Amino acid sequence: MLRWIRQQLGLDPPHQSDTRTVYVANRFPQHGHYVPQRFADNKIVSSKYTVWNFIPKNLFEQFRRIANFYFLIIFLVQLMIDTPTSPVTSGLPLFFVITVTAIKQGYEDWLRHKADNEVNGAPVFVVRSGSLVQTRSRNIRVGDIVRVAKDETFPADLVLLSSDRADGTCHITTASLDGETNLKTHYSVAETAVCQSESQLEALQAVVECQQPEPDLYRFVGRLTVTQHGEEIVRPLGPENLLLRGARLKNTKEIFAVAVYTGMESKMALNYKCKSQKRSAVEKSMNTYLIIYLGILLFEAILSTILKYAWQFDDKWDEPFYNKKTEQERNSSQILEFISDFLAFMVLYNFIIPISLYVTVEMQKFLGSFFIGWDLDLYHEESDQKAQVNTSDLNEELGQVEYVFTDKTGTLTENEMHFRECSINGTKYREVNGKLVPEGMTDDSPDGSAPHLIGEELLFLSAVALCHTVQISYDQPDCLLAGGDPFSHANGFSSNHMEYYASSPDEKALVEAAKRIGVAFTGTSGNTMEIQTFGKSEKYKLLHVLEFDPNRRRMSVIVQTPSGGQILFTKGAESAIFPFTTGGEIEKTRLHVDEFALKGLRTLVVACRHFSAAEYVEVDRRLNAARTALQQREEKLQEAFSYIERDLQLLGATGVEDKLQDKVQETIEALRLAGIKVWVLTGDKHETAVSVSLSCGHFHRTMNILELLQQRTDNDCAEQLRVLARRIKEDHVIQHGLVVDGASLSLALRGHEKLFMEVCKSCSAVLCCRMAPLQKAKIVRLIKTSPEKPITLAVGDGANDVSMIQEAHVGIGIMGKEGRQAVRNSDYAIARFKFLAKLLLVHGHFYYVRIATLVQYFFYKNVCFITPQFLYQFFCLFSQQTLYDSVYLTLYNICFTSLPILVYSLFEQLVHPHVLQSKPALYRDISKNAVLSMRTFLYWTLLGFAHAFIFFFGSYILMGEDTTLMGNGQMFGNWTFGTLVFTVMVITVTLKLALETHFWTWISHFVTWGSIAFYFIFSLFYGGIIWPFLHTQDMYFVFVQLLSSGSAWFAIIIIVITCLFPDVVKKVFYRHLKPTNTQKSQPLSAASTQDLSCVESLCCYQHGQSGCYRMACLMEQMTGQCKASANNCHVPSRNNRSWSDTENFCSNDRSFLTLSPIEATC
C-alpha cells in the first residue's frame, strides 16, 4: 500500500532500470529469485479531478482568485468582531459563488471522466490459458497477448507477433497519432509469424527486451528472444514492429501482439501535456483590477479610521454625554481598538470588491457557450457535427488571438490526392480520359484504341506501378484466404472489385493513375508482384524494399524482371533524387518539377538503376548485414542505402494535387487581415508541406521563402540564423516566409532562442515540418512566453496535436474522420477549419466585448454604490453608520442591478455578424485587450467616482439645509436620505448600461426597465408592510413618503440627467471626431438588418446625420417610438455602403446568436 501511494505521488516510479523485460503471455522464469518489474496499468486519464480530491483541489483553485479569498477573510472578520453588517452579507454570496463554480467545473470534468471511461471500458480480447478471453481495455497488463480485429484501435503499444497473413505483416493507419490516414505496413519476426492460433501462442516462449517508454513516436529499439527446442533465437525489433496505441488496423482480418507499454506510459499518452487550468487574459486583468480596488478599499478604511480618531481627539466627541464609555472600554488597548475599527470600516466598504462579478462572469461564460453549439453556420451537414464547447472559461480569449498554430493533414487538407501531370524523359504529359497526352496535344484517338507508348513511357509507368508499398482489398477477400489464386482477379479486373491501400496518399494516387492509363498493379503474393500492361500480365519478384525515411526522403524497391534481370526503382523528392542521377533528361525534368510546384502540386521524381549479377550479390549482402545488426542498425542501413541508390537513370516526375478543405485559403486570408499570424506545424516532409502551404495561401507566390533545414550542429544552425536575419534586413521584400524542420528546430531552441524568435517575428508566415508532437508544444510555448506575451491558438485533429492544443491559450480540435483525442483534449471542437473564421471574428469579438464591458461595468456600479457610504462617514463622525438599509446592501448586486448586465453580456452585438465576417480588420480594434485596457478601466472608475459624488451631494443639496420636503412640513431622516441616494443610483447605473447597449431585444427591454420597476415595487412592499420576522424595520413607510415628495422626484430626474448627459455628449463627439473602425461599421450593420427595430444605441452615428440630430432622437429611441423612416432615424440602403472588402465569409447567419427577426443575405 505504501509503495502504491509513493508511486501515485511520483516518489517511487514503477520502473527503475533503463530497459524493460516483457515476458510474452506473462510466462515468468520459474527460479525463485526473479522479481518481476512493475508496470503501469492500461488506464488513460485526461480528467483533472477525482472523487477524493475534487473538494480540496477545487477550493484551492477557487480561493486563488483574489475576490474569493478576500471575501473569505471578510467573512471570518465578521464572525470574530462586532461589525456594522451581518456575516450573512458576505458569507452567503461567497457560498453561492463557490457552489455555482464548483458545480460548473465538476460537470465539465465529469464529461472528461465519461470519455475516459468509454475508452478504458472498451472490450478487448486477450489470450489466457490457451483461449481468447474478453476483458476491458483497462485490464490489459504488460505481457498480455492481445487480439485486434480489422478496423479496431490498438488498446496499448504492442509488438506484433503474427497476423492472418502468411508473411506476418499487417497494415495500419495512424491518423489519430500523426495525422496521416494512409496505410503503413508493419512486420512480425519469422519465428512468431507462424503462431496464428491461441494454442500456438500459449506455447510460445519469448521475451521482449526494449527501452523504457519515451514520447518519440518514430523510435523504438528492442529485441525479441524466442526459445525453440532449447535454442534461443534473437531478432531485432524496430518501429516497424511496434503498433502504437490509437492507431487502427486496416486491410488485415486480425493480428496478435504483445503489450509492452500500457496506459499513461504509451507513446500517445506521453505526448499529452499535463492538463493545467487555463486562465484568460480578461480574468488576469480582473485580478489586477481587484488588487487596485483592494488598495482603494484599504486607503478608505485607513483614512476613515485615522479621521475617526482625529475627530475623537476632542473629549466632547470622544465621550459625548449621550454615549458614555464603560469601564472596560476605557481600559481597553488603543491598538486593539484601532485594529477593530479598521476592520469594521473594511467590512463597511467591502462591497467595493464585487464578489457577484465572479458569479455573473461564470453564468455569462456558461450560458454564452451554448451559442457556439447553436450556431448553424458552424454545423457541418455532411458529417452531422456541430461545434462543441469543452470549457467555457476561455470564450473571450477567442477575441484576443494573435497567433494560430495549425496542423496540416486532416486540418487544412482532406488528405485526398489526385494525379494531374507528369514528365517522362523530358516531355510533359497530362491525363485525359485515362490516357497520357503530351503537352500541347489533344486526345484525338478514337475510344477503345490502345495508346501508343514507347519504351521510356512504359518503363516509367512500370516504375510507378511497382515502386510502392500499396496493398489491395477486394470486395470478396475470402477468396484470398481460402487458398485460391491470389491473382485470380487479374483477368477482367474492374475498379469496382479492388481498392488500393497505401502508406502514402501520393502512392495511392499514382498507382490508381497508372491503372487508369493501362499499367495496373493487381496484387502481391508472397514476394511476387503482378502488373497488367494493357491486358498483358507481368510478374516481378520483389527482392528488397528500401523504406522511406525523412533523412533520405525517398523509397526504393529492387525487383527481378520477368526476363531475370535485377532493377532498382526509386522515387522521392527532387532534392533527394537529382544529385544521384547520372543519366536522363535531368535539366528538362527539373524545369518541369518547378512548374508543377508553382501550380501547387506535390511532386515526386522517379528513377531506376540496372544491376549486373555481381552488383546485385554485393547489394544483397550489404542489405542483409545491415538489417540483422543489433548495434548501430540505423547507421548501417543508411550506408547500405547510399551505396545502392546512386548512379541512377532519371525516368521522369509526377505532379499530384492534394485536395484542400473547403474555404481554407479564404479562412487563412481572413485571419491574416484580422492581424493574426498563422503558423503551420506538421509532421509531414518538407516538400509536401511547402506545396500545401502554397496551395492554401499560407505562403504567397511573391513571398520570399527562407529555409532553416538539415542543420547538424549548433554552430551551423546559429550561422544560418544570422544569414537569414541579414537577408531579411537586406531584401526589399514586403513579406518573408520561413520553413524550418524538426531537427533544425531542436538546435535553434537549444541555445539560439532569441535569434530564432527575431527571424520568426520578421516573417509573415512560418512553416515547421517534420515536427514531433512535443516539438509542436515547444514552439507554442516559445511564442506564448515571449516578451510580448501574445495570445496563442492551436488547432489540430490528431493525437499528435494534443500537446500543442493543451499548451496554447486556446485549443481547438477538428472533428476529423478518425480519432477523437484532439477533440477530447481541446477547449473547443469544430468540424472544419473554415469554421475557425466565424468562431474568432464573430463569436470571439462578441464574447470579448461583452465580458470586457461586464467587468468594467461591475467595478463602476460598485464604486457608485460604496463611495456615498464613504462620504457619509464625514457627516456621522465616522461612527460606521450605514447609509443604506441592510436589505438594500444585500440585494443591490443580487437583484436590482444583476439581470441587465447579464442579459447585455449574452446578447450585445456592437456590429452585425455579417459585417464582422466580411471585414476581418475589425478584429484588430479589440486586439491586445484594447477594450479592457488600464486606460478604459480608469475611465470607468473615475466615472463611477464622479457619479457617486453627484448622487451624494445632489441629494445633500436637496436635504442638507432643510429636510421638510413635504407640504405639511414633515421632516425626513437619515434613512430617507440614504434611500434617495440609493434610488438615484439604481436608476443611473441601469440607464448607463442602456446607453452602452447597441443591440436591443425584447429580453433587454424587459430586464432593463423591469429592474427599475422591480426596485420600486419591492421598496413599496418592503417599506409599506410591517414584517413580523424582522428584528427592526427602519425603512417602514420611508419609501412611500419619499415618493410623495415632488421635490424628491425633481431631484431624482435632475441628478440622473446630470450624471448621464456629459457621457452622451462625450460619446457623440468622439464618434463624430474620432470614430473607430468598428463604429464606422455600425451603420453598415444597421443596413444589414432591414427589420431591426430602431431602438439601437443612443449614440449610433449614421452617415449624413449630425451629432446634434442624433441627440434630438434621444427620448424617441429610449421609448421605442423611433421609426426607420426618412424623417427621423434613417437607415441607409444596402446599396449605399461604402466599403469594398471581399464578402467571401458572408453567409446566412441562421444562428440563435442574434435572437432577433434579422434575415440578412449576402
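Below: a short report on this structure.

Analysis parameters
- Residues numbered from 1 in each chain as written.
- Predicted model: local features only at pLDDT ≥ 70, side-chain atom pairs only at ≥ 80, totals over all residues.
- Heavy atoms only, no water.
- Pairing = 2+ DSSP bridges.
- Helix = DSSP H or I, 4+ residues; strand = E, 2+ residues; numbered from the N terminus.
- Axes fitted to C-alpha atoms, helices over the stretch in contact; angles between N-to-C directions.
- Expected span 1.5 Å × (residues − 1).
- Buried < 20%, exposed > 50% of the residue type's maximum accessible area, 1.4 Å probe, protein only.
- Contact = heavy atoms within 4.5 Å.
- Salt bridge = Lys/Arg side-chain N within 4 Å of Asp/Glu carboxyl O.
- Patch = residues over 30% accessible without salt bridge, like charges linked within 9 Å, V, L, I, M, F, W, Y side chains within 5 Å.
- Areas by Shrake-Rupley, 256 points an atom, 1.4 Å probe, with all protein chains shown as cover.
- Core = buried A, V, L, I, M, F, W, Y, C linked by side-chain atoms within 4.5 Å.
- Parallel < 35°, antiparallel > 145°, perpendicular 65-115°, else oblique.
- Nonpolar A, V, L, I, M, F, W, Y, C, P; charged D, E, K, R; others polar.
- Phe/Tyr/Trp six-rings, centres within 6.5 Å; stacked < 30°, edge-to-face > 60°.

1. Concerning the sheet that holds strand 3 (residues 131–136)
Pairing in this open sheet of 6 strands is antiparallel, and the strands run 3-2-4-13-5-11 from one edge to the other. Strands at the two margins of the open sheet, each flanked by one partner only, are strand 3 and strand 11 (242–243). Across 6 bridges, strand 2 (residues 123–128) lies against strand 3 in antiparallel orientation. Paired with Phe125 across the strands is Gln134, a residue of strand 3.

2. Regarding the sheet that holds strand 8 (residues 206–211)
Reading across from one edge, 1-8-9-10 is the order of the 4 strands in this open sheet, with antiparallel pairing throughout. The open sheet has two free edges, formed respectively by strand 1 (19–23) and strand 10 (231–237), since each of these has just one partner strand. Each strand axis lies, on average, 20° off the axis of its neighbour in the sheet, ignoring direction. Where strand 9 (residues 222–228) meets strand 10, 7 bridges bridge the pair, whose relative direction is antiparallel. Among the inter-strand pairings, Gln228 is bridged to a residue of strand 10, identified as Glu231.

3. A look at helix 12 (residues 334–349)
The end-to-end C-alpha distance of helix 12, which contains 16 residues, comes to 22 Å, matching closely the 22 Å that a straight helix rising 1.5 Å per residue would cover. Listed in full, the buried residues belonging to helix 12 are Asp341, Phe342, Ala344, Phe345, Met346, Val347, Leu348 and Tyr349. Here the buried face of helix 12 lies against helix 3 (66–80), helix 9 (281–311) and helix 30 (835–872).

4. Looking at helix 27 (residues 773–784)
End to end, helix 27 covers 17 Å across 12 residues, agreeing with the expected 16 Å (1.5 Å per residue, within 8%). For helix 27, the full list of buried residues reads Pro773, Gln775, Lys776, Ala777, Ile779, Val780, Leu782 and Ile783.

5. Brief notes about unusual backbone geometry
Unusually for a residue other than glycine, Asp384 sits at a positive phi of about 55°. Topologically, Asp384 is positioned in the loop between helix 14 (370–374) and strand 14 (388–389). Here the phi dihedral of Lys928 falls at roughly 55°; this positive angle occurs in a residue that is not glycine. Judged by relative accessible area, Lys928 falls into the exposed class, the value being 62%.

6. Quick look at the pattern of salt bridges
Taken as a whole and assessed by the stated rule, the structure comprises 36 salt bridges. With a closest N to O distance of 3.1 Å, Glu439 and Lys428 form a salt bridge. On the criterion of sequence distance, the pair formed by Glu439 in the loop between strand 18 (435–438) and helix 15 (455–466) and Lys428 in strand 17 (residues 427–432) is long-range, its members being 11 residues apart. Assessed through its relative accessible area of 6%, Lys428 is described here as buried.

7. What to know about a nonpolar patch on the surface
The grouping of Tyr107, Trp110, Leu111, Met363, Phe366, Leu367, Phe370 and Trp374 at the surface amounts to a nonpolar patch, some 740 Å² of accessible area in total. As for its placement among the helices and strands, Met363 is situated in helix 13 (residues 355–368). Looking at Met363, the relative accessible area reads 31%, which means it is partly exposed.

8. Digging into the nonpolar core
Among the nonpolar cores identified, the biggest contains 94 residues, and Ile353, Val855, Phe865, Tyr884, Phe982 and Met985 are the most heavily contacted of them. Looking at which element gives the most residues to this core, the answer is helix 30, with 17 residues. Counting 50 residues, the second-largest nonpolar core is a separate cluster that includes Leu694, Cys696, Ala831 and Leu840.

9. Observations concerning the packing of helix 9 against helix 13
Pairs of packed helices are described in terms of their axes, by the angle between the two and the distance that separates them. Where helix 9 contacts helix 13, the axes come no closer than 13 Å and their chain directions differ by 170°. Of the possible angle classes, the one that applies to helix 9 and helix 13 is roughly antiparallel. Across from Glu283, Met286, Asn287 and Leu290 in helix 9, the residues of helix 13 making contact are Leu357, Tyr358, Val361 and Lys365. Across the contact of helix 9 with helix 13, the residue classes tally to 5 nonpolar, 1 polar and 2 charged.

10. What to know about the pairing of strand 9
Sheet topology note: the strand 8/strand 9 ladder contains 5 bridges and is antiparallel. Bridge pairing in strand 9 places Ala206 opposite Val226.

11. Regarding the side chain of Glu507
In this fold, Glu507 is placed in helix 17 (residues 505–517). The residues touching Glu507, leaving out its near neighbours within four places in the chain, are Cys467, His468, Thr469, Val470, Ala502, Met555 and Lys571.

12. Structural notes on the pairing of strand 6 (residues 170–174)
Strand 6 sits mainly inside the fold: 5 of its 5 residues count as buried. Side chains Cys170, Ile172 and Thr174 project from strand 6 onto one buried face, and the interleaved His171 and Thr173 project onto a second face that is buried too. Here 3 bridges tie strand 6 to strand 12 (residues 248–250), and the two strands are oriented antiparallel to one another. Bridge pairing in strand 12 places Thr173 opposite Arg248.

13. Regarding the packing of aromatic side chains
The tally for this structure, following the rule as stated, stands at 49 aromatic pairs. Note on Tyr892 and Phe982: the rings are 5.7 Å apart at their centroids and 70° apart in plane angle, and the pair reads as edge-to-face. Placement of the pair is Tyr892 in helix 31 (residues 886–896) and Phe982 in helix 35 (residues 974–996), with a sequence separation of 90 residues. The exposure classification of Tyr892 matches that of Phe982, with both residues buried. For the ring pair Phe896 and Tyr1015, a centre distance of 5.3 Å and an interplane angle of 80° mean the geometry is edge-to-face.

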